[in-house]
Amino acid sequence: ENELGVTAPTGFFDPLNLSKNISKEKFDEYRTAELKHGRVCMLAVLGYIAPETYRFGYDIAPGVSTYDIPNGVAAIDYIPALGWAQIIFFIGAVDYWGVLGDFDFGKPDLGDKEEERKLQELQHGR
């Protein structure tokens with residue numbers, strides 16, 4: 001009830017009781033997974049919207065230009081099998097070995113707004 005992300009009007013929302021009778025370490029593991037999945041979803045939305053406004057003019061495979069690939073779900077049929085293999089391998093490698101890196105470059109100094117920004121990231125990922 002005192003964790004970050006408990007906000008009005010729902011309060012602590014756990015309809016499947018996944019956090020019932022678990023340790024603090026397990027809860028932190030669930031929260032980390034929630035943040036990771038929220039970040040992936042936010043990037044997926046950007047990846048869905050960005051091609052509507054701009055295309056990078058390069059070939060993703062010999063003879064397959066980004067200009068020739070339709071938007072949205074219709075693009076699934078245009079990506080070659082080796083391209084799907086690369087995508088699946090990359091996602092699996094990042095998920096298995098953790099993150100791509102934890103770099104100090106590019107991290108903003110939030111000062112006293114850090115807790116507020118963490119809550120915003122958690123809510124946007126939901």
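Anything mentioned here points back to the structure above.
Residues numbered from 1 in each chain as written. Predicted model: local features only at pLDDT ≥ 70, side-chain atom pairs only at ≥ 80, totals over all residues. Heavy atoms only, no water.

Student: A description of the packing of aromatic side chains should follow, citing residues and the corresponding values.
Tutor: Inspection of every chain in the model, using the stated rule, returns 1 aromatic pair. Note on Tyr-54 and Phe-56: the rings are 5.0 Å apart at their centroids and 85° apart in plane angle, and the pair reads as edge-to-face. An identical accessibility class is assigned to Tyr-54 and Phe-56; each is exposed. (Phe/Tyr/Trp six-rings, centres within 6.5 Å; stacked < 30°, edge-to-face > 60°. Buried < 20%, exposed > 50% of the residue type's maximum accessible area, 1.4 Å probe, protein only.)

Student: How would you sum up unusual backbone geometry? Please name residues and give values.
Tutor: Despite not being glycine, Asn-21 shows a phi value in the positive range, around 60°. Inspection of the secondary structure assignment puts Asn-21 in the segment before helix 1 (24–53). (Helix = DSSP H or I, 4+ residues; strand = E, 2+ residues; numbered from the N terminus.)

Student: Now, about the pattern of salt bridges: what can you tell me, with residues and values included?
Tutor: All told, the structure shown has 3 salt bridges when counted by the stated rule. One salt bridge in this structure joins Asp-28 and Lys-24, with 3.2 Å as the shortest N-O distance. Pair noted here: Asp-28 and Lys-24 are both in helix 1, with a separation of 4 residues, about one helical turn. The exposure class of Asp-28 is partly exposed, given its relative accessible area of 33%. The class of Lys-24 is partly exposed, set by a relative accessible area of 45%. Between Glu-34 and Arg-31 there is a salt bridge; the shortest N-O distance is 3.1 Å. Separated by 3 residues within a single helix, Glu-34 and Arg-31 lie in helix 1, roughly one turn from each other. Residue classification places Glu-34 among the partly exposed positions, given a relative accessible area of 28%. Look at Arg-31 and you get buried, because its relative accessible area is 15%. (Salt bridge = Lys/Arg side-chain N within 4 Å of Asp/Glu carboxyl O.)

Student: Could you give an account of a nonpolar patch on the surface, naming the residues involved and the relevant values?
Tutor: Together, Val-45, Tyr-48, Ile-49, Val-73, Ile-76, Trp-84, Ile-87, Ile-88, Phe-90 and Ile-91 make up a nonpolar patch on the protein surface, roughly 980 Å² of accessible area in all. At 5 residues, the largest contribution of residues to the nonpolar patch is made by helix 2 (residues 81–97). With respect to the secondary-structure elements, Ile-76 resides in the loop between strand 2 (64–65) and helix 2. (Patch = residues over 30% accessible without salt bridge, like charges linked within 9 Å, V, L, I, M, F, W, Y side chains within 5 Å. Areas by Shrake-Rupley, 256 points an atom, 1.4 Å probe, with all protein chains shown as cover.)

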